[in-house]
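One letter stands for each residue in the lines below.
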Amino acid sequence: MRAAAIGFALSMSALTSAFAQAPDSPEPFQLIRSLQIIQSQIATGSQAAYMAQPKLMSQIADDFLRTPMSVWQEERNAQAAATYLFSGGSASVIRPLVQANAIQEPSRALVRGALAYVEGRAQEAMTLLMSIDARSVNPNLGGHLALVQAALVGAKDPVAASGFLDTARLLMPGSLVEEAALRRQIFMTDANTSLDKFFLMARQYFQRYRNSVYASNYWPQFTHLLSHSTLSAQEGDFEKIETFLADFKPLEQRDLYLNMAQSAIRQGHAKNAQRWARNARNLSATGSPEAVRAELYDGAAMIADNRLTEGLRKLQTLPERELSGEDRELGVAAKALAAKLRAPIAPLNQASIDRLARTPVEPRPVFLAAQQAISEADKLLNKDAQK
């Protein structure tokens, strides 16, 4: 792997040197092709490509600035300018081309829209870009355009945004664009109403881009989303979830199950918490901190499920030193709840009864609403009885 990385870095160095030394600099569209090759390598996990990208972007910027204005009149080069912006390029490189009207139709609106998007002028970008069909341009540009269109409408129209992301993936499979589109679609999919689609998107991402340079940053967000999304899982969903997680490495499965169990017990989903806790325990080494956490969530779930004696016995045997502060607090709360539920109800003596009788009670809004509902129900029942 080290040799491959060094070889890749050397080849990139040779590529950028060739750009600088060539008598005739490559045309803009050729430079963009090189950039997209680099970005595809980043999507598959190449750290060398990730490190080489800034240097290549800088080289492209220098070459673009030296390119005669007449070159930009060719459509494929004009489209390369838009692709450069969508790929993270500097607005200062392309702005002079727009100001000088170097970009001709039919690409003028596209480049102006890309510049507006990069400069944060969202409304202008929408006006210029949303009417362009991403499938009508070069696919290597169309994928970027569809990704941007999804970002522009995402907050107001998630359904339309998801359609644009589908287009981006279709136009640029195996690219950094598809990697980004899949990540965004996963977070846009409501797993509580479409668990199958959520798993489909997530499975595609991890099968294709598990090693992406950006996957490590994405993992904590995905873990949180999965934990939240499985809260409302029913008995019929458990096997679907377990089948999905079976594609992950054992340690990844263990950590996901632990987070799911912790989230479930904190939200009061005892059955879910117990299932995920036991799955996590089966994937944990005996006596490990992870096994202790799994037993904690299992015991707390038992108490929440009114299996007080069994749950309390389990919690009392756990070594608290193996638990984090957050989990230690959870254990204390669970044991306190069990103790409270097991305590006998003390009978009131006559003095306490007299004192309560003398204490004025101001009805709370919720009680007043309940009384009104009961009254209305009584009226309906009386009407039915008189029929």
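Residues numbered from 1 in each chain as written. Predicted model: local features only at pLDDT ≥ 70, side-chain atom pairs only at ≥ 80, totals over all residues. Heavy atoms only, no water.

## Looking at the overall build of the protein
Helix and strand counts for the protein stand at 20 helices and 0 strands. Counting the 387 residues in the protein, one finds 44% classified as buried. Just so you have it, the protein exposes about 21100 Å², and 54% of that area is on carbon and sulfur atoms. (Helix = DSSP H or I, 4+ residues; strand = E, 2+ residues; numbered from the N terminus. Buried < 20%, exposed > 50% of the residue type's maximum accessible area, 1.4 Å probe, protein only. Areas by Shrake-Rupley, 256 points an atom, 1.4 Å probe, with all protein chains shown as cover.)

## Regarding the packing of helix α2 (residues 28-43) against helix α4 (residues 75-86)
Running from N to C, α2 and α4 point in directions that differ by 40°, and their axes come no closer than 8 Å. Both α2 and α4 take part in a crossing whose hand is left-handed. On α4, the residues that touch Pro28, Phe29, Ile32 and Gln36 of α2 are Arg76, Asn77, Ala80, Thr83 and Tyr84. Along the lines of polarity and charge, the residues of the contact of α2 with α4 split into 5 nonpolar, 3 polar and 1 charged. (Axes fitted to C-alpha atoms, helices over the stretch in contact; angles between N-to-C directions. Left-handed = near helix turned anticlockwise from the far one by under 90°. Contact = heavy atoms within 4.5 Å. Nonpolar A, V, L, I, M, F, W, Y, C, P; charged D, E, K, R; others polar.)

## Here we look at the nonpolar core
A general trend in soluble globular proteins is that nonpolar side chains are found buried together. Core analysis: the largest hydrophobic core is formed by 105 residues, its most contacted members being Tyr84, Ile94 and Phe222. When sequence neighbours within four positions are dropped, the list of residues in contact with Phe222 reads Ile186, Phe187, Phe198, Ala202, Phe206, Phe244 and Phe248. (Core = buried A, V, L, I, M, F, W, Y, C linked by side-chain atoms within 4.5 Å.)

## A few points about the environment of Ser40
Relative to the assigned elements, Ser40 resides in helix α2. Assessed through its relative accessible area of 25%, Ser40 is described here as partly exposed. Discounting residues that sit within four places of it in the chain, Ser40 has contacts with Gly174 and Ser175.

## Topic: the side chain of Asn279
Mapped onto the fold, Asn279 is located in helix α15 (residues 270-282). Excluding residues within four positions of it along the chain, Asn279 makes contact with Glu242 and Tyr257.

## So, the confidence of the model for the protein
Summary statistics for the protein give a mean pLDDT of 83 and a share of 81% for residues scoring 70 or more. Low pLDDT, under 50, characterises residues 14-23; the stretch is placed with 12 contacts to residues that sit more than four places away or in other chains. (pLDDT = per-residue confidence, 0-100.)

## Here we look at helix α5 (residues 91-99)
Taken as a whole, α5 has its buried residues at Ala91, Val93, Ile94, Leu97 and Val98. Within α5, the buried residues cover an arc of 155° as seen down the axis, which keeps them to one side. On its buried face, α5 sits against α3 (47-66), α4 and α6 (108-118). (Arc of directions from axis to C-beta.)

## Here's the deal with the packing of aromatic side chains
A complete count under the given rule lists 22 aromatic pairs for this structure. Seen from their ring centres, Phe198 and Phe199 are 5.7 Å apart, and the 50° between their planes marks the pair as tilted. Among the aromatic residues, those joined into a cluster by ring pairs are Phe187, Phe198, Phe199, Tyr205, Phe206, Tyr209, Tyr218, Trp219, Phe222, Phe244 and Phe248. (Phe/Tyr/Trp six-rings, centres within 6.5 Å; stacked < 30°, edge-to-face > 60°.)

## Quick word on the environment of Ile32
Note on placement: Ile32 falls in helix α2. The residues touching Ile32, leaving out its near neighbours within four places in the chain, are Phe64, Ala80, Thr83 and Tyr84.

## Observations concerning unusual backbone geometry
The omega torsion across Glu105 and Pro106 is 10°, close enough to zero to call that bond cis. When you line up the elements, Pro106 lands in the loop between α5 and α6.

## Here's the deal with the pattern of salt bridges
Enumeration according to the criterion identifies 25 salt bridges in this entry. With a closest N to O distance of 3.4 Å, Asp298 and Arg278 form a salt bridge. Placement of the pair is Asp298 in helix α16 (residues 289-304) and Arg278 in helix α15, with a sequence separation of 20 residues. The partner of Lys314 in a salt bridge is Asp298, with the nearest N and O atoms 3.7 Å apart. One end of the pair, Lys314, is in helix α17 (residues 308-316); the other, Asp298, is in helix α16, and 16 residues separate them in sequence. Across this residue pair, the class does not change: Lys314 and Asp298 are buried. One salt-bridge network, held together by shared partners, links Arg278, Arg281, Glu295, Asp298 and Lys314. (Salt bridge = Lys/Arg side-chain N within 4 Å of Asp/Glu carboxyl O.)

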